[in-house]
Amino acid sequence: MAVLVHICCAPCFAFPHKKLREDGHEVVGFWYNPNVHPYMEYRAREDAVKKYVSLEDVEVHYGGYDLLPYLEKSLAAMREGGRHERCKRCYHVRLEATAEHAADNGFDAFTSTLLVSHHQQHDAVRDIGEELAGRYEVPFHYQDFRDGWDQGKAIATQYGLYRQKYCGCLFSEWERYRGSL
């Protein structure tokens, strides 16, 4: 089947890209991350995706960078429920754009590289993906890619891909570095 894979970053895309292809699927990436801040961090991550694409000959579609609407939703989530609610809203924003793009472009399913990281709320990503699958009438391909975390890091090292130091949003950057200030 043709699977649209939301890409959070190139290192996290490497394993699902290879695994889904090995399983016989056509894989197309979707880079959409309005959560990444500051903008130069966004560009570094996008450039790493472009480098991976050039080395692996994979098609990737690129969404826009809508930082202000994303920040408004994140601030509301922080007020309502703190970090876990903020992350869930972030997943929802990115997965909804992916589901909509999959529906609009005739994909058989969609998934996300968020299912690679041990740092993400895995069950929340799955639940949101399944909810959006119903709304957009495109199945969410759930697969636990966490066992490929080390393989993705190894590919990133081999290809010299940029590896970020925090999840991406302004809040995760602050959480990562506040102890070193």
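Model, not experiment: these values are computed from the prediction.

## Considerations on the sheet that holds strand E4 (residues 109-112)
The strands making up a sheet associate through hydrogen bonds between their backbones, and the pairing can be parallel or antiparallel.
Link 1 in the chain: The four strands are arranged E3-E2-E1-E4 in an open sheet whose pairing can be described as parallel. Of all the strands in the sheet, just strand E3 (59-62) and E4 have a single pairing partner and so form its edges. Between one strand and the next, the sheet's axes are offset by a mean angle of 30°, whatever the strand orientation.
Link 2 in the chain: As judged from the six bridges shared by strand E1 (residues 2-7) and strand E2 (residues 26-31), these two strands associate in the parallel manner. The partner of Val5 across the bridge, within E2, is Gly29.
Link 3 in the chain: The strands touched by helix H2 (residues 39-56) are E1, E2 and E3; relative to E3, the strand with the most contacts, the crossing angle is about 155°.

## Observations regarding the pattern of salt bridges
Link 1 in the chain: This model, assessed by the stated rule, comprises 11 salt bridges.
Link 2 in the chain: A salt bridge links Glu85 to Arg89; its shortest N-O distance comes to 3.3 Å. Note that Glu85 and Arg89 are positioned in helix H3 (residues 67-104) at a spacing of four residues, about one turn of the helix.
Link 3 in the chain: The closest approach of N and O atoms between Glu96 and Arg135, which form a salt bridge, is 2.8 Å. With Glu96 in helix H3 and Arg135 in helix H4 (residues 122-136), this pair connects stretches of sequence that are 39 residues apart.
Link 4 in the chain: Taking relative accessible area as the criterion, Arg135 reaches 45% and is therefore assigned partly exposed.
Link 5 in the chain: Linked through salt bridges whose partners overlap, the residues forming this network are Glu96, Glu131 and Arg135.

What counts, and at which threshold
- Residues numbered from 1 in each chain as written.
- Predicted model: local features only at pLDDT ≥ 70, side-chain atom pairs only at ≥ 80, totals over all residues.
- Heavy atoms only, no water.
- Pairing = 2+ DSSP bridges.
- Helix = DSSP H or I, 4+ residues; strand = E, 2+ residues; numbered from the N terminus.
- Axes fitted to C-alpha atoms, helices over the stretch in contact; angles between N-to-C directions.
- Contact = heavy atoms within 4.5 Å.
- Salt bridge = Lys/Arg side-chain N within 4 Å of Asp/Glu carboxyl O.
- Buried < 20%, exposed > 50% of the residue type's maximum accessible area, 1.4 Å probe, protein only.

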